[in-house]
Structures are given as C-alpha cells and as structure tokens.
Amino acid sequence: MARRVGACIPGSFRRLHSRLHGSFRRLHSRPLRFPPVTVHFIGAGPGAADLLTLRAVGFLRSSPVCVYAGTYIDDAILEHCSVGTRLVDTAKLDLDAITAELVAADQRGDDVARLCSGDPSLYSAIAEQSARLDAAGVPWDITPGVPAYAAAAATLGVELTVPEVTQSVVLTRAQARSTAMPDTEALANFAATRATLALHLAITRTRVLADELAQFYGSDCPAAVVFHASKPDEMVLRGTLADIADQVEAAGLRQAAVILVGPALARRVVAESHLYDACRDRS
C-alpha cells in the first residue's frame, strides 16, 4: 500500500518541518545579496562577444548598472546586459566621475558590471579605482577575461613560448602621452633577453620601436600586428622588424592593436617539449 511521504513522522517533527519550510519560503521571497552589493570588474576580452566567460555574462545579466569604455567595448558585448540596465560610457569621464557612478550605484543597492577591455590585470586602472572604492567602503571583485595578446596569438596561430627558442613572454607598452615608464623598464632591457614581446598601447610608435628592437633581435626578426583581434573588422599584418612599420602606416592604424615580436612567431620547431617526450620517465 502506498504511503504519503511524511506520514510516519511524529506530529512534533511535522510541525517543525512546516515552520522551517515557511521560514524558507519567506526568506526566498526577499532579495538576497551574497556576496553583498559589489562592483564587479569584468574582463571583456579582446572584443568578440562570445569570448566572455560564463561568469562575466552572468554578472552582466544580473547587474542593474554597466560601466564601460565605449572606445573599446561595442554593442555586441553590451547585448549581454538585461533590458533596462543603466549603461554608463566612461569615454569622456575622469576617475572622479567614474568613482562617483560606482559609489552612487552601491548606495542605491545596485550591483555594477565594470567592464574592462581584455583582462583586468593589464592596463585597466583597477589599482586606483579599487583604492577609491576601498576608501568609500564599497566591496568589489574581479572576473578575468581573455587578454588581447592571447587573442592576437590565436589569430596568428602561434605559440609564444617555443622550446629552445624562447620560454618567456614580456608584456609591456610604449611611452607616448601616457604615464611614465619606470627607469628599469626600458625597452632595451627587455629586448636584451630576446623573449617574445607583446607591446600594448604602442601602435603609433611602431617605427621607433622597430628600429630600436632591430638592434637586439635583428631586422629580419618576425613581427606581427593584430588590430581588433577577434572582432569582425580584425586586421592582421605580418612581416619583420624591417617592414612592419611600413605596413602599419599604410593601413592607417592608430589604436586597439597589439604588436608581437620575436623568433617564436616564425613557427619553426627547433625542439619538442620534454613534457610530451616519449622517453620521459612517467613513473
């Protein structure tokens, strides 16, 4: 004979279960915030809307406010936001105005999706923004994204660390109408290692940089430029340090491009990885 679930439970336990169930339903009828109201710094990736992480998309859909740099982030990414989301373009805002938007959202009880192009760990100004949020008592977190240099390498179909060619990648930028570079980070210091270089915010200085790098890598060293990596209007320029500047100038590139330099771009196999060597001891 079939029995009703719970029929054998003593009355006192059934009453306790009923009270707990009622409390649970009341609890879930209220808006819960865990973690608490937060500014989510989100890596928007190199540009393609389908390269955002699942976590990033989740925050974009759930946050009532989205703060983004319109210079680098387009409508395809913003379409992940829900209808009615307050969209704030920071292209013409200074740090004080951006911080004011974030703090005001927190005071209203709104989560904020703060989009950063590429990955927030690189050239995103998170250090100063988070310091101001800490001072204002606004909690924040970071969601990583696909960095532009990685998207550029994928477009080129290259590995940036090739066994016995180069095992290091230097991520750096050029000095031009921007924050000063530390004295110890002169390009020549990095170039002396002959590691793969990924140059950001440097496209307008391609000729000067190529001439300087040629002294260390040789003028025939492979170089490539990827503009708007992963976007529909992506452009790829391949060449050497001898001719890459001519190509950049002919294409009229002025921003949103990554320069990659190094022998690894030649896609020449000198040795194979020890990790996958059939003779490696796997005991």
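J.: Any details on the pairing of strand 2 (residues 65-68)? Residues and values, ideally.
T.: Of the two faces of strand 2, both are covered, the one formed by Val 65 and Val 67 as well as the one formed by Cys 66 and Tyr 68. Bridge analysis of strand 2 against strand 3 (residues 86-89) gives four bridges, and the strand direction is parallel. Paired with Cys 66 across the strands is Leu 87, a residue of strand 3. Relative to strand 4 (residues 112-116), strand 2 is paired through three bridges, and the arrangement is parallel. In the sheet register, Cys 66 faces strand 4, and the bridge partner there is Ala 113.

J.: Would you mind going over the nonpolar core in detail, with residue names and values included?
T.: Counting residues in each nonpolar core, the largest one holds 25 residues, and the members touching the most others are Leu 213, Val 225, Leu 241 and Val 261. Broken down by secondary-structure element, the contributors of at least two residues to this core are helix 7 (187-191), strand 7 (196-200), helix 8 (206-217), strand 8 (222-227), helix 9 (244-251) and strand 10 (257-261). The biggest single contributor to this core is helix 8, with four residues. Contacts of Leu 241, omitting those with residues within four sequence positions, involve Ala 210, Leu 213, Ala 214, Tyr 217, Gly 218, Ser 219, Cys 221, Ala 223 and Val 261.

J.: Give a detailed account of helix 8, specifying residues and quantitative values.
T.: Considered for burial, the residues of helix 8 that qualify are Thr 206, Leu 209, Ala 210, Leu 213 and Tyr 217. Projection of helix 8 onto a plane perpendicular to its axis shows the buried side chains occupying an angular sector of 100°, all on one side. Those residues of helix 8 that are buried are in contact with helix 7, strand 7, helix 9 and strand 10. Remark: Gly 218 follows helix 8 within two positions and exhibits a positive phi of approximately 90°.

J.: An account of the pattern of salt bridges is needed here, citing residue identities and associated values.
T.: On inspection of all chains with the given rule, the structure shows six salt bridges. Asp 110 is the salt-bridge partner of Arg 108, the closest N and O atoms lying 3.1 Å from each other. Among the residues examined, Asp 110 registers a relative accessible area of 18% and is labelled buried. In the salt-bridge network here, residues are joined through shared partners; they are Arg 207, Asp 246 and Glu 249.

J.: Explain the sheet that holds strand 9 (residues 235-240) to me, using residue names and the numbers behind them.
T.: Overall, mixed pairing links the five strands, which are arranged 6-7-10-8-9 in an open sheet. The outermost strands of the open sheet, each flanked by one partner alone, are strand 6 (169-173) and strand 9. For this sheet the average axis-to-axis angle between neighbouring strands, irrespective of direction, equals 15°. Sheet analysis places strand 8 next to strand 10, joined by five bridges and oriented antiparallel. Residue pairing across strands places Ala 223 opposite Val 261, the latter belonging to strand 10. Sheet contacts for helix 8: strand 7 and strand 10; angle to strand 7, the most-contacted strand, approximately 165°. Packed on one face of the sheet, helix 9 meets strand 8 and strand 9 and runs near 155° to strand 9.

J.: Talk me through empty space enclosed by the protein; I want residue IDs and the actual numbers.
T.: With a probe scaled to a water molecule rolled over the atoms, the places where space remains empty come into view. Per the counting criterion, the structure on display carries one cavity of 30 Å³ or more. In this model, the largest cavity occupies a volume close to 40 Å³. Elements that contribute at least two residues to the lining of the largest cavity include exactly helix 8 and strand 10. Of all the elements, helix 8 adds the most residues to the lining of the largest cavity, at four residues.

J.: Just give me the short version of unusual backbone geometry, but keep the residues and values in it.
T.: One non-glycine residue, Glu 164, lies in positive phi territory at about 65°. Examined against the element boundaries, Glu 164 turns out to sit in the loop between helix 6 (148-156) and strand 6. Given a relative accessible area of 68%, Glu 164 falls into the exposed group. Notably, Ser 230 is not glycine yet its phi reads approximately 80°, a positive angle.

J.: Just give me the short version of the sheet that holds strand 3, but keep the residues and values in it.
T.: An order of 3-2-4-1-5 is seen for the five strands of this open sheet, with the pairing classed as parallel. Each edge of the open sheet carries a strand with a single partner, namely strand 3 and strand 5 (140-143). With strand direction ignored, the average angle separating the axes of adjacent strands in the sheet is 20°. Bridge count between strand 1 (residues 39-43) and strand 4: five bridges; the pairing is parallel. Counted as the bridge partner of Gly 43 is Cys 116 from strand 4. Sheet contacts for helix 5 (residues 126-136): strand 1, strand 4 and strand 5; angle to strand 1, the most-contacted strand, approximately 170°.

What counts as what
- Residues numbered from 1 in each chain as written.
- Predicted model: local features only at pLDDT ≥ 70, side-chain atom pairs only at ≥ 80, totals over all residues.
- Heavy atoms only, no water.
- Buried < 20%, exposed > 50% of the residue type's maximum accessible area, 1.4 Å probe, protein only.
- Helix = DSSP H or I, 4+ residues; strand = E, 2+ residues; numbered from the N terminus.
- Pairing = 2+ DSSP bridges.
- Core = buried A, V, L, I, M, F, W, Y, C linked by side-chain atoms within 4.5 Å.
- Contact = heavy atoms within 4.5 Å.
- Arc of directions from axis to C-beta.
- Salt bridge = Lys/Arg side-chain N within 4 Å of Asp/Glu carboxyl O.
- Axes fitted to C-alpha atoms, helices over the stretch in contact; angles between N-to-C directions.
- 1 Å grid on protein atoms, 1.4 Å probe; cavity = no way out; pocket = protein on both sides within 12 Å on 5 of 7 lines; lining within 4 Å.
- Points joined across faces, edges and corners; volume = space filled by probe spheres on them.

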